[in-house]
Amino acid sequence: MTPIITLTGVQKYYGDYHALRDVDLTINEGEFFSLLGPSGCGKTTLLRTIAGFENASDGVVMLGGADMAGVPPNKRPTNMVFQSYAIFPHLNVAENVAFGLRRRSDLSKQAKADLVDEALDMVGLQGFGGRAAHALSGGQRQRVALARALILKPKVLLLDEPLSALDKKMREQMQAELRRLQRQVGITFILVTHDQEEALIMSDRIAVMFDGRIAQVADPQTLYRRPVNRQVADFIGVMNFLPATSTASEDGVDVQIAGFGAASVASEQCPGGMPTGDASVGIRPEMMTLLFDGQPSEGAVAIGTVAERYYYGDMTYYEVEFEGVSEPVTLSMKNLVGRPVLERGDAARVAWDPRALVVFEA
Amino acid sequence: MVSPPFIYALLLLAAPMGAILLFSFWTQDFLTLDTTLTLNNYREFVEEPLYGVLLQRSLIIAAMVTLVTVVLAFPIAYFVSFHVAPERKSLWLFLITIPFWTSYLVRVFLWKVILGFNGVLNSGLLGLGLIDEPLTFILYNANAVVITLAHAFAPFAILPIFVALERIDRSLLEAGQDLGESRLMTFWRVTLPLATPGIVAAVLIVFIPTIGDYVTPRLVGGPNGLMIANMIQTQFLKLNNAPMGAALAVIAMVSVSVIALVFVWLNRKWLRVKQ
């Protein structure tokens with residue numbers, strides 16, 4: 001794994017506003033990397049700093065082994081797919097795709113036309129070359145933007161929330177297609193998104209950002225199963241937090257969880273460090289199981305009351321109240337043939353596994 | 001059919017135009033109008049070189065005014081659109097329109113004061129020792145007409161160009177740079193083509209009324225700066241030859257229309273202004 005981008009101590013100020021706070025990050029060659037975070041977290045600023053549209057107030061941006069300080073966007077080995085796609089309205093599809101080839105005097109007119117056809121092929125827009133820019137749908141505009149960037153064979157392709165303007169079906173289709181394209185061309189993709197599901201589906205690695213800081217960099221599984229703090233855990237999927245007290249044990253901590261009881265937790269389940277004293281225990285909705293009609297359990301069982309039920313079609317979500325826990329706990333059950341459904345006010349027996357727990361500082 | 005806009009168009013546009021057109025085919029027989037339809041007025045236009053000279057001069061002056069106005073207006077519109085903070089833009093546009101607060105006539109007279117033999121410009125330059133005697137090529141000739149009209153029409157050119165520039169999605173300019181072009185080439189390949197609708201509008205808005213301008217050539221044009229509109233006025237009011245005046249007006253209108261259409265067509269074809 002060779003690093004293609006290295007950021008060291010990158011800071012960005014807009015007047016008094018501190019948009020990027022001491023960002024250190026390494027992105028590898030051929031990686032599908034996502035910058036994930038809520039709006040205003042600095043992920044787009046970071047992407048624009050890599051592209052050269054913003055200059056870091058401090059710190060070093062290395063791209064392909066070269067310091068990018070003072071290098072304008074047109075001299076960087078990056079190309080960008082803009083959020084609005086930025087398709088030139090006065091040019092047709094082929095002219096848009098060929099825009100960046102003007103300076104390639106080594107290519108004949110025919111060679112350029114062949115490259116354009118090839119790029120359009122790659123994004124599934126064969127025969128669209130003569131189409132006017134305004135006659136394209138959202139998905140097609142995005143494909144043109146992709147072809148226009150990829151035709152220049154950049155070292156890094158930057159994607160600024162490219163899927164946010166598409167409807168759900170189209171988005172899912174493009175997610176699969178982007179992934180396929182990335183594997184096919186083998187260059188580094190950096191995707192900015194606020195959609196955690198999208199980041200999980202598509203990325204090799206994800207950097208989660210809050211308030212201009214990188215909170216965690218990890219592969220999707222690690223990020224989901226071992227978030228380093230409550231903020232990350234809360235942002236990636238749904239997680240319940242239960243108040244607990246924690247004491248150090250041989251290879252981890254022993255926790256006493258309100259409403260759930262005692263459990264021994266291994267050290268790797270404390271990704272943010274092992275707390276002693278007050279702690280917060282996280283558990284995901286799908287990691288708990290409702291037991292119906294006296295169904296036995298081998299593991300631990302907590303007893304609560306169903307406060308609310310939400311039917312999602314494929315799943316049913318329950319909010320269950322436990323004694324000593326102020327917030328109701330959310331758990332999800334797959335809707336299987338013959339599986340009963342609990343009503344509000346019913347007693348709920350909840351089976352849980354200590355291996356599914358994550359322990360945080362309170 | 002008989003909707004208010006239609007009546008409005010009929011009364012205020014079609015009827016006067018029709019009247020002018022009809023007049024141009026009549027002739028003036030000393031004190032009475034001869035209402036037999038004839039092409040005599042148009043024949044006179046062709047045979048008498050003065051009319052052609054005046055029309056040609058009008059077209060040349062209007063073209064120069066348009067060129068000067070649009071070339072000077074573009075940087076101003078560009079500056080306001082790209083370099084003025086968004087909350088300040090309306091203030092800037094407001095300031096640009098301030099000259100309109102005084103009457104057109106007053107503004108023309110002010111140019112006389114500025115450009116005159118003992119005017120502000122000459123005394124200023126003399127005072128600074130930059131010239132030894134007053135410049136005379138700036139008043140009572142075509143140059144003075146161009147300067148005065150270019151000033152008068154500046155806002156009409158700035159506004160449509162400004163609007164066209166405002167409508168350009170800024171990410172397109174970033175895309176241009178991202179795809180390897182310098183700022184200058186991005187301006188040339190992205191900004192300018194996207195601003196052409198505004199430039200075309202500015203050209204037409206300035207060119208069309210300038211051809212028929214009457215006050216400015218009359219006041220600052222001198223004998224060599226007179227334009228076709230001055231001749232039309234002379235025909236109507238001094239020579240009491242309304243039919244000849246009407247024929248000149250029709251010829252001027254047709255020339256302007258043809259030139260404007262040719263310009264728009266050339267633009268479509270060569271500059272590819274796509275809406």
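About the thresholds
Residues numbered from 1 in each chain as written. Chains lettered and ligands numbered in written order. Predicted model: local features only at pLDDT ≥ 70, side-chain atom pairs only at ≥ 80, totals over all residues. Heavy atoms only, no water. Helix = DSSP H or I, 4+ residues; strand = E, 2+ residues; numbered from the N terminus. Buried < 20%, exposed > 50% of the residue type's maximum accessible area, 1.4 Å probe, protein only. Areas by Shrake-Rupley, 256 points an atom, 1.4 Å probe, with all protein chains shown as cover. Domains from an automatic or database assignment. Contact = heavy atoms within 4.5 Å. Buried area = accessible area lost by both parts, 1.4 Å probe. Salt bridge = Lys/Arg side-chain N within 4 Å of Asp/Glu carboxyl O. Polar contact = N/O pair within 3.5 Å; in protein donor to acceptor, adjacent residues only side chain to side chain. Nonpolar A, V, L, I, M, F, W, Y, C, P; charged D, E, K, R; others polar. Core = buried A, V, L, I, M, F, W, Y, C linked by side-chain atoms within 4.5 Å. Pairing = 2+ DSSP bridges. Axes fitted to C-alpha atoms, helices over the stretch in contact; angles between N-to-C directions. Patch = residues over 30% accessible without salt bridge, like charges linked within 9 Å, V, L, I, M, F, W, Y side chains within 5 Å. Lys, Arg positive; Asp, Glu negative; His and termini not counted. Charge placed at Lys NZ, Arg CZ, Asp CG, Glu CD.

Draft legend 1. Structural context of the overall build of chain A. Scanning chain A for helices and strands turns up 8 helices and 20 strands. Dimensions of chain A, computed from C-alpha atoms along their principal axes, come out at roughly 75 × 50 × 35 Å. Sorting the 362 residues of chain A into buried and exposed places 49% on the buried side. If you sum the accessible surface of chain A, you get close to 16,400 Å²; carbon and sulfur atoms cover 48% of it.

Draft legend 2. Representation of the domain arrangement of chain A. Residues and elements named next belong to chain A. When its domains are assigned, chain A resolves into domain 1 (3–230) and domain 2 (238–361). Once you take the C-alpha centre of each, domain 1 and domain 2 turn out to be 39 Å apart. Listed as interface residues are 7 residues of domain 1 and, on the opposing side, 13 residues of domain 2. For the pairing of domain 1 and domain 2, the buried interface totals around 870 Å² over both sides, and the portion due to carbon and sulfur atoms is 56%. Considering only the side of domain 1, the residues that lose the most area to domain 2 are Tyr224, Arg226 and Arg230, jointly responsible for 69% of the buried surface there. Our enumeration of links across domain 1 and domain 2 arrives at 0 salt bridges. The tally of links from domain 1 across to domain 2 stands at 4 residue pairs in polar contact (both at pLDDT 80 or more). For the side of domain 1 that touches domain 2, a count of residues per class yields 3 nonpolar, 1 polar and 3 charged.

Draft legend 3. Spotlight on the nonpolar core. Counting residues in hydrophobic clusters, the biggest one holds 73 residues, and the most contacted among them are Ile5, Leu7, Leu25, Leu35 and Ile190 of chain A together with Ile161 of chain B. In terms of residue count, helix α7 (residues 142–166) of chain B provides more of this core than any other element does, 11 residues in total. In this view, Ile5 of chain A contacts Leu25, Thr26, Ile27, Ile50, Met62, Leu63, Val156 and Ile190 of chain A; residues no more than four positions away in its chain are not counted.

Draft legend 4. A look at the sheet that holds strand β14 (residues 277–283) of chain A. All names here are of chain A. On the basis of which strands lie adjacent, the open sheet formed by 5 strands has the order β13-β12-β11-β14-β20 and antiparallel pairing. Across the chains shown, the open sheet's two edge strands, defined by having one partner strand only, are β13 (261–266) and β20 (358–361). Mean inter-strand twist for the sheet, computed between neighbouring axes without regard to direction, equals 40°. Pairing geometry for strand β11 (residues 240–249) and β14, over 7 bridges, is antiparallel. Within the sheet, the bridge partner assigned to Ala244 lies in β14 and is Ala279.

Draft legend 5. Examining the interface of chain A and chain B more closely. With 23 residues of chain A in contact, the opposing surface of chain B contributes 20 residues. Between chain A and chain B, the buried area comes to about 2,000 Å², and carbon and sulfur atoms account for 56% of it. Taken as a group, Asn74, His90 and Phe99 of chain A account for 33% of the area that chain A buries against chain B, more than any other trio of residues on that side. Between the two partners, chain A and chain B, sit 2 salt bridges. Here Arg102 of chain A and Glu181 of chain B are joined by a salt bridge, their closest N and O atoms 2.6 Å apart. For the pair chain A and chain B, the interface holds 10 residue pairs in polar contact (both at pLDDT 80 or more). Looking at the side of chain A that touches chain B, the element that brings in the most residues is strand β6 (residues 78–81) of chain A, giving 3 residues.

Draft legend 6. A look at the side chain of Lys89 of chain B. Residue and element names in this part refer to chain B. Structurally, Lys89 can be placed in helix α4 (residues 89–96). Residue class for Lys89 comes out buried when judged on its relative accessible area of 13%. Setting aside chain neighbours within four positions, we find Lys89 in contact with Val80, Ser81, Val84, Phe162, Glu166 and Arg170.

Draft legend 7. Structural view of the pattern of salt bridges. A complete count under the given rule lists 16 salt bridges over all chains for this structure. Note that Arg309 of chain A and Glu343 of chain A form a salt bridge whose closest N and O atoms lie 3.0 Å from each other. Taken as a pair, Arg309 of chain A in strand β16 (residues 300–311) and Glu343 of chain A in the loop between β18 (329–334) and β19 (347–352) lie far apart in primary sequence, 34 residues in all. Residue classification places Glu343 of chain A among the partly exposed residues on the basis of a relative accessible area of 43%. Among the charged side chains, a network of salt bridges with common partners joins Lys12, Arg48 and Glu54 of chain A together with Glu174 of chain B.

Draft legend 8. Spatial organisation of a negative patch on the surface. Residues and elements named next belong to chain A. The grouping of Asp114, Asp117, Glu118 and Asp121 at the surface amounts to a negative patch. The topology assignment puts Asp114 in helix α3 (residues 109–122). Asp114 gets classed as partly exposed once you look at its relative accessible area, which sits at 39%.

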